Amino acid sequence: MITMLPDAGRLGRATCLAALSLAGLCLAFPAAAQPADPAQGPAAPVLLGVAAPLSDSQAILGQQLVAGARAAAGTTEGDAAIEIVDADTRCSSEGGRQAAETFVAMDAAAVVGFLCAEAIEAALPVLTEAGIPVIDVGVRANRLTDRRERTGHLVWRIAPRSDAQAAAIAGEIARRWQGEPLGLVDDGSIAARGLADAVRRLLGDQGIEPQSVDNYRPAEEKQFGLVRRLERTGITRFFIAGDRPDVAIIMRDAAASGLSLQVIGGEELLDETSIDAPLPEGVIAVAPRSSFPELAAAATDEGGLLPPQGYFGTAYAATEIALTAARRAAATDRPLAEILGADSFATALGEIGFDDKGDSDLDLYRVFEWRGDRFAEAGEG
């Protein structure tokens, strides 16, 4: 059974608080399916909260998340019925707190979702106080789990940490360019500079030292100044931390100067652009996967096939984990939070477990190669 509730903002704070008051002490013990007893009727349903931005510019991402959770709930086997309750976080602190109050009022067993740090950070104190665990699918900020021991928040994460990108990029550079001269370039922004510095440190841990470090001013129509500096280094292999339009212009101007570059970039290269300068063949992007063809059979809605894209896949796996953990809690009387921290879970994306901080061992990073008009996963036909 799939239940869609209005978000807590529409319910109004007074309504939510009244519901909380009526729920009383039951809120301290989130619902989990109890084993079926013929004398007592069928098992109680597993009620799962789904927190997603469902309005404004983030709505399309929230819809991916909700669709993935619903698809997983519809294909999960078990004796107990499953109810999905979704609430709009609006990607804001107030929206996150109100969504949390909705889930507490409904006595959810667990909550999956959250794409925005503001929303989950406001929701966690409310949900933790009620004993409701959260499995995050989209917030990467390291602090979310790094602070867990101090805050006591009941949070686990499927999304990659923010430092996972640098590790994936450094690993690919080492694999491809071991023993070859290489350089690092960034666009001067705080994010790009931080990524390039992190990659440099990780390469240093492997005994690889870049021979050149440079930066450029982004959003320029020409990059011949940078190209001349790169040419003087004698290096042709570069990691460039920058946006796709800038990388395309750099490589266009390099080619016009007779310089053939090999370039690895980050997930920003996957962002589509309408600029006239296309990427040349062979540019590499290291980024989290956003397509989940293995879930296509489950991605149905009213008879139509939904594209299993974006947050569909992580929400699907998180929902599988939450429902499995709830059933194990019901069968063993172990706390659901203890199960999330100690067990591993078979999902459609593979076996997944969590470390002491609550970060999962699911590796979403893949290597993509530009092939004429699109990025394709390396090894894909």
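The text that follows walks through the structure, step by step, so that each part is easy to find. Bear in mind the structure is a predicted one, so any value in this text is a computation, not a measurement.

So, about the pattern of salt bridges. Under the criterion given, the structure shown has 22 salt bridges. Measuring nitrogen to oxygen at the nearest pair gives 2.8 Å for the salt bridge that ties D359 to R157. Of the two residues, D359 sits in the loop between β15 (350-353) and β16 (365-370) while R157 sits in strand β6 (residues 155-157), which places them 202 residues apart along the sequence. In this structure, D359 and R157 share a single accessibility class: buried. Between E294 and R289 there is a salt bridge, with the nearest N and O atoms lying 2.9 Å from each other. Among the charged side chains, a salt-bridge network with shared partners connects D146, R157, R161, D163, K357 and D359.

What follows concerns unusual backbone geometry. Notably, D56 is not glycine yet its phi reads approximately 60 degrees, a positive angle. Tracing the backbone shows D56 in the loop between β2 (46-52) and α3 (59-75). Positive phi is not limited to glycine here, since D107 has a value of about 60 degrees. Summarising the element assignment, D107 is placed in the loop between α4 (93-105) and β4 (110-113).

Strand order in the open sheet formed by seven strands is β8-β7-β9-β10-β11-β16-β17, and the pairing between neighbours is mixed. Only two strands of the sheet have a single partner each, and these edge strands are β8 (212-215) and β17 (375-377). Looking at each pair of strands side by side, their axes are set apart by 25 degrees on average, direction ignored. The pairing of strand β11 (residues 284-288) with β16 spans five bridges and is antiparallel. Note on β16: the bridge partner recorded for I284 is E369. Helix α9 (residues 190-205) contacts β7 (183-186), β8 and β9 (237-241) of the sheet and is inclined by roughly 165 degrees relative to β7. The sheet contacts of helix α10 (residues 224-233) involve β7, β8 and β9, and relative to β8 the element is tilted by about 175 degrees.

Moving on, we get to the state of the cysteines. What makes a disulfide is a covalent bond joining the sulfur atoms belonging to two cysteines. Enumeration over the complete set of coordinates arrives at one disulfide. Across a sulfur-sulfur distance of 1.7 Å, C91 and C116 are joined as a disulfide pair. Note that C91 is positioned in the loop between β3 (82-88) and α4 and C116 in the loop between β4 and α5 (117-129), a separation of 25 residues in sequence. Side by side, C91 and C116 carry an identical accessibility label, which is buried.

For the rest of this paragraph, the subject is the packing of aromatic side chains. All told, the structure shown has two aromatic pairs when counted by the stated rule. With a centroid separation of 6.2 Å and 25 degrees between ring planes, the pair formed by F312 and Y316 is classed as stacked. Of the two residues, F312 and Y316 both sit in helix α12 (residues 312-332), four residues apart, roughly one turn of that helix. Under the relative-accessibility criterion, F312 is labelled buried at 2%. Y316 sits in the buried class, given a relative accessible area of 6%.

Moving on: the nonpolar core. Counting residues in hydrophobic clusters, the biggest one holds 72 residues, and the most contacted among them are F103, F114 and L127. A per-element tally of this core places α12 first, with eleven residues. Setting aside residues up to four positions removed in sequence, L127 forms contacts with A100, F103, V104, V111, F114, I132 and V134. Formed by 26 residues, the second largest nonpolar core is a distinct cluster that contains Y216, F238, V247 and A287.

Here is what the cut-offs are and how they apply
Residues numbered from 1 in each chain as written. Predicted model: local features only at pLDDT ≥ 70, side-chain atom pairs only at ≥ 80, totals over all residues. Heavy atoms only, no water. Salt bridge = Lys/Arg side-chain N within 4 Å of Asp/Glu carboxyl O. Helix = DSSP H or I, 4+ residues; strand = E, 2+ residues; numbered from the N terminus. Buried < 20%, exposed > 50% of the residue type's maximum accessible area, 1.4 Å probe, protein only. Pairing = 2+ DSSP bridges. Axes fitted to C-alpha atoms, helices over the stretch in contact; angles between N-to-C directions. Contact = heavy atoms within 4.5 Å. Disulfide = S-S within 2.5 Å. Phe/Tyr/Trp six-rings, centres within 6.5 Å; stacked < 30°, edge-to-face > 60°. Core = buried A, V, L, I, M, F, W, Y, C linked by side-chain atoms within 4.5 Å.

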